[in-house]
Amino acid sequence: MKLNILHTESSCGWGGQELRILGESEGFIAEGHKVTIVCPEHAPIYAAAQKRGIPVFPVPIERKNFKGLLAAYRWLKSNPPMIVNTHSSTDSWLFTLASRWLSKRPAVVRSRHVSAPVHDNWPTTWLYAKGADYIVTTGDTLRDYLTCQPRFAKQKVVSIPTGLEIDKYPLAEDKDQAKTILGLPVDRPVIGKVAIMRDWKGHSYLVDAFAELLKSGSSAHLLLVGGGEEFDNVQKQIAALGIGEHVTLTGTVDNVLDYLHAMDLFVLASYDNEGVPQSIMQAMLTGLPIVATDVGSVREIVVENETGLMIPPRNEKAMTAAMTQMISDREHLRTMGRNARKFGEERFSRELMVERMEKVFSEAYASLSDR
């Protein structure tokens, strides 16, 4: 059965959530399904979807108000989908409520991308437990958090990690050449991080930990890929610590692959909100070992002492120790990188994600006729 799927996104941010929507949409379109995205016109995903050739339409849904609710209702009435897949809080409220005004409503699937707590009040409980036909989380830990609460039916909550086009993340052919092209030192390991610079992404903890690593006598270079609201603060922190010559900040970049190829070690320093970060998946597919904080569902993809090391969040001392341990044994570093690539090939494919999401969508739609 070919599906007609509507993705809704009210967020005007940019990150792994938006990339998941785009990648999932491309995967379903390739399988012959009809897919449409609606979002605010000024949201980054709008231009990104246009660039990829994904049908996308501007709808004013960035606010929880009557204007947004009416816009959602009008869209659903004029363009009735079989499935509505909501992604952020605001669009979930607007489209779930609007769907209840229709004589023949679509199935509603709520995707949950982050590990932030779900409010324990009756409206939110209704939204998740009654308004959504299925809830999809990006990791088992997020699913377990929901299903351990009696207000959520276990059979309605499914964990489906994000999948990537594995062929787009090849191993680096020549790491020294990749470093040279980017103006990075070739005589020392490059420790890298790819993330939008938000407070909870933990860049400040990584910079402090890296400064301690240098003080201990270890030789390394830090590569921070990404821009964002915390960019200026991170830049000032680096200057205050006097380590500017040992750090490269790229700002926002369109293609992170070249930067991943120049890294020897990837670090995730987040202390909150993560599900299963796509940046770690990308890094692992390019053969990078990982040092990661134990947040969200990260532990599901970073296997201790096989593909990387796990550390507590907001702990510079542990982060310094883990980075020092990793870069001091280059052969073990390479072994972990090979393990990471193999693990990623087995777990991170877009085909697997689409197959599992298709099953959820089909079951959600079929459940409507059972009522």
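The structure reproduced in this document is the subject of the present report. (Residues numbered from 1 in each chain as written. Predicted model: local features only at pLDDT ≥ 70, side-chain atom pairs only at ≥ 80, totals over all residues. Heavy atoms only, no water.)

Attention shifts here to the overall build of the protein. Per the secondary structure count, the protein includes 14 helices and 13 strands. In terms of C-alpha radius of gyration, the protein reaches 21 Å, essentially the compact-globule figure of 21 Å for 371 residues. In terms of principal-axis extent, the alpha carbons of the protein reach across some 70 × 40 × 40 Å. When the 371 residues of the protein are sorted by exposure, 56% land in the buried category. Sequence-distant contacts, at least 24 apart, represent 71% of the contacts inside the protein between residues at least 6 apart. Put simply, the protein shows about 16,300 Å² of open surface, and 50% of that area lies on carbon and sulfur atoms. (Helix = DSSP H or I, 4+ residues; strand = E, 2+ residues; numbered from the N terminus. Rg over C-alpha atoms; globule rule 2.2 N^0.38 Å. Buried < 20%, exposed > 50% of the residue type's maximum accessible area, 1.4 Å probe, protein only. Contact = heavy atoms within 4.5 Å. Areas by Shrake-Rupley, 256 points an atom, 1.4 Å probe, with all protein chains shown as cover.)

Moving on: the packing of helix H1 (residues 16-30) against helix H14 (residues 350-368). Relative to each other, H1 and H14 sit at 80 degrees, their axes nearing to 10 Å. The angle between H1 and H14 falls in the class roughly perpendicular. Facing Arg 20, Gly 23, Glu 24, Glu 26, Gly 27 and Phe 28 of H1, the residues of H14 in contact are Arg 350, Met 353, Val 354, Met 357, Glu 358 and Phe 361. Here the residues of the contact of H1 with H14 sort into five nonpolar, two polar and five charged. (Axes fitted to C-alpha atoms, helices over the stretch in contact; angles between N-to-C directions. Parallel < 35°, antiparallel > 145°, perpendicular 65-115°, else oblique. Nonpolar A, V, L, I, M, F, W, Y, C, P; charged D, E, K, R; others polar.)

Next up on the list: the sheet that holds strand S12 (residues 290-293). Pairing in this open sheet of six strands is parallel, and the strands run S10-S9-S8-S11-S12-S13 from one edge to the other. At either margin of the open sheet sits one strand with a lone partner, and together these are strand S10 (247-249) and strand S13 (308-311). Taking each pair of neighbouring strands and ignoring which way they run, the sheet shows an average axis angle of 20 degrees. This element, helix H9 (residues 231-241), spans strand S9 (221-225) and S10 of the sheet and lies at about 165 degrees to S10. (Pairing = 2+ DSSP bridges.)

What helix H6 (residues 140-147) keeps buried is the set Leu 142, Leu 146 and Thr 147. Projected down its long axis, H6 shows its buried positions confined to an angular sector of 125 degrees, all on one face. Packing partners of the buried residues in H6 comprise strand S5 (107-112), strand S6 (134-137) and strand S7 (157-159). (Arc of directions from axis to C-beta.)

This part is about the packing of aromatic side chains. Working definition: an aromatic ring pair is given by the centre-to-centre distance plus the angle between the planes. Tallied over the full model, the rule gives seven aromatic pairs. Here the basic side chain of Arg 314 rests over the ring of Tyr 271, its NZ or CZ set 3.8 Å away from the ring centre. (Phe/Tyr/Trp six-rings, centres within 6.5 Å; stacked < 30°, edge-to-face > 60°. Lys NZ or Arg CZ within 6 Å of the ring centre and 35° of its normal.)

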